[in-house]
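Here is how the chains run, residue by residue.
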Amino acid sequence: MLAFWILGGTALLTPLRAGLAAGECPSAINAELIGSALLDKYVAAVNAHDTSSFPELFTESYIQHSGRSPSGLAAQVENFRRVFTAMPDVQMRVEDRIIAGDKVAARSTYSATHTQTVRGIAPTGKPFTFRAFDIWRVENGKLAEHWDLTDTAEVLRQLRSG
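Keep in mind it's a predicted model, so treat the numbers as computed, not measured.

Caption draft 1: Highlighting the pattern of salt bridges. Applying the stated criterion across every chain, the model contains eight salt bridges. Salt bridges linked by common partners bring R137, E139 and E145 together as one network.

This is the structure in structure tokens:
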């Protein structure tokens, strides 16, 4: 068991050592670790359909730049409650992530089953997917601002072809 712990510890420290050898400062590495952990917790919350961890993930004054929902932590909680109602089985998968400084970027795929009326389109019971590209700004260990592009046209095409 000790051997597994030692090997696991070595594997965890390798990226840190590589970053330090490449001249990255410890605060940059720490920012990347924080950003990556925030993204992982966000994905876990979305996939669990659970907004209870949102106060740990988002600042109270969270700024939503998409225009699809208001800013603020309370608005973010309410927005995701609506998403979970509209797509009760929605799941998020991060395809790519880039973390630099105080920014976290993710290219993600969402999948769900069309069981509720979405944008006036009656449920078809068929699965659908959509892609999104998100950028968050991190402040004091929480997500503070968000910009995104969502492939809405692809979603509507899939739902209408049902």
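Caption draft 2: Looking closely at the side chain of T109. Within the fold, T109 resides in strand β3 (residues 103-113). A relative accessible area of 12% places T109 in the buried class. Separated by 2.9 Å, the side chains of T109 and E95 make a polar contact. Leaving out residues up to four positions away in the same chain, T109 has contacts with Q91, M92, R93, E95, T129, F130 and R131.

Caption draft 3: The arrangement of the pairing of strand β2 (residues 91-100) in detail. Taken together, the nine bridges between β2 and β3 define a ladder with antiparallel strand orientation. Bridging across to β3, I99 finds its partner in V104. From the end of β2 to the start of β3, which pair antiparallel, there are two residues, and G101 there has a positive phi angle of about 60°.

Caption draft 4: Looking closely at the sheet that holds strand β5 (residues 142-150). Pairing is mixed in the open sheet, where five strands are placed in the order β1-β5-β4-β3-β2. The sheet is open, and its two edges are formed by β1 (58-64) and β2, each paired on a single side. Adjacent strand axes in the sheet meet at a mean angle of 25° when their direction is disregarded. Here eight bridges tie strand β4 (residues 127-139) to β5, and the two strands are oriented antiparallel to one another. Directly across from D134, in β5, lies its bridge partner D148.

Caption draft 5: Representation of the nonpolar core. Counting residues in hydrophobic clusters, the biggest one holds 33 residues, and the most contacted among them are Y42, F54, F58 and W136. Of all the secondary-structure elements, those providing two or more residues to this core are α2 (26-48), α3 (54-57), β1, α4 (73-86), β2, β3, β4 and α5 (152-160). Broken down by element, the residue count for this core peaks at six residues, all from α2. Those residues in contact with F58 that sit more than four places away from it in its chain are Y42, L73, Q76, K142 and L143.

Caption draft 6: Broad picture of unusual backbone geometry. Even without being glycine, R119 reaches a positive phi, approximately 50°. Along the chain, R119 falls in the loop between β3 and β4. Its identity as a non-glycine residue notwithstanding, N140 has a phi of 50°, on the positive side.

Caption draft 7: Structural detail: the layout of surface pockets. By volume, the largest pocket amounts to about 750 Å³. Lining of the largest pocket is provided by 30 residues; of these, R68, V83, M87, F130 and T150 occupy positions nearest its centre. Put simply, the parts of the chain that give the lining of the largest pocket at least two residues each are α2, β1, α4, β4, β5 and α5. No other element matches α4, which puts six residues into the lining of the largest pocket.

Caption draft 8: Geometry of the environment of D89. You can see D89 is positioned in the loop between α4 and β2. Taking the relative accessible area as the measure of exposure, D89 reaches 34% and is therefore partly exposed. A sequence separation of 38 residues divides D89 from P127, and the C-alpha atoms of the two residues are 9.9 Å apart. With near-sequence residues (within four places) excluded, D89 lies in contact with H49, S111, A112 and T113. Of the polar contacts made by the side chain of D89, one reaches the side chain of T113; its length is 2.5 Å.

Procedures and definitions
Residues numbered from 1 in each chain as written. Predicted model: local features only at pLDDT ≥ 70, side-chain atom pairs only at ≥ 80, totals over all residues. Heavy atoms only, no water. Salt bridge = Lys/Arg side-chain N within 4 Å of Asp/Glu carboxyl O. Helix = DSSP H or I, 4+ residues; strand = E, 2+ residues; numbered from the N terminus. Buried < 20%, exposed > 50% of the residue type's maximum accessible area, 1.4 Å probe, protein only. Polar contact = N/O pair within 3.5 Å; in protein donor to acceptor, adjacent residues only side chain to side chain. Contact = heavy atoms within 4.5 Å. Pairing = 2+ DSSP bridges. Axes fitted to C-alpha atoms, helices over the stretch in contact; angles between N-to-C directions. Core = buried A, V, L, I, M, F, W, Y, C linked by side-chain atoms within 4.5 Å. 1 Å grid on protein atoms, 1.4 Å probe; cavity = no way out; pocket = protein on both sides within 12 Å on 5 of 7 lines; lining within 4 Å. Points joined across faces, edges and corners; volume = space filled by probe spheres on them.

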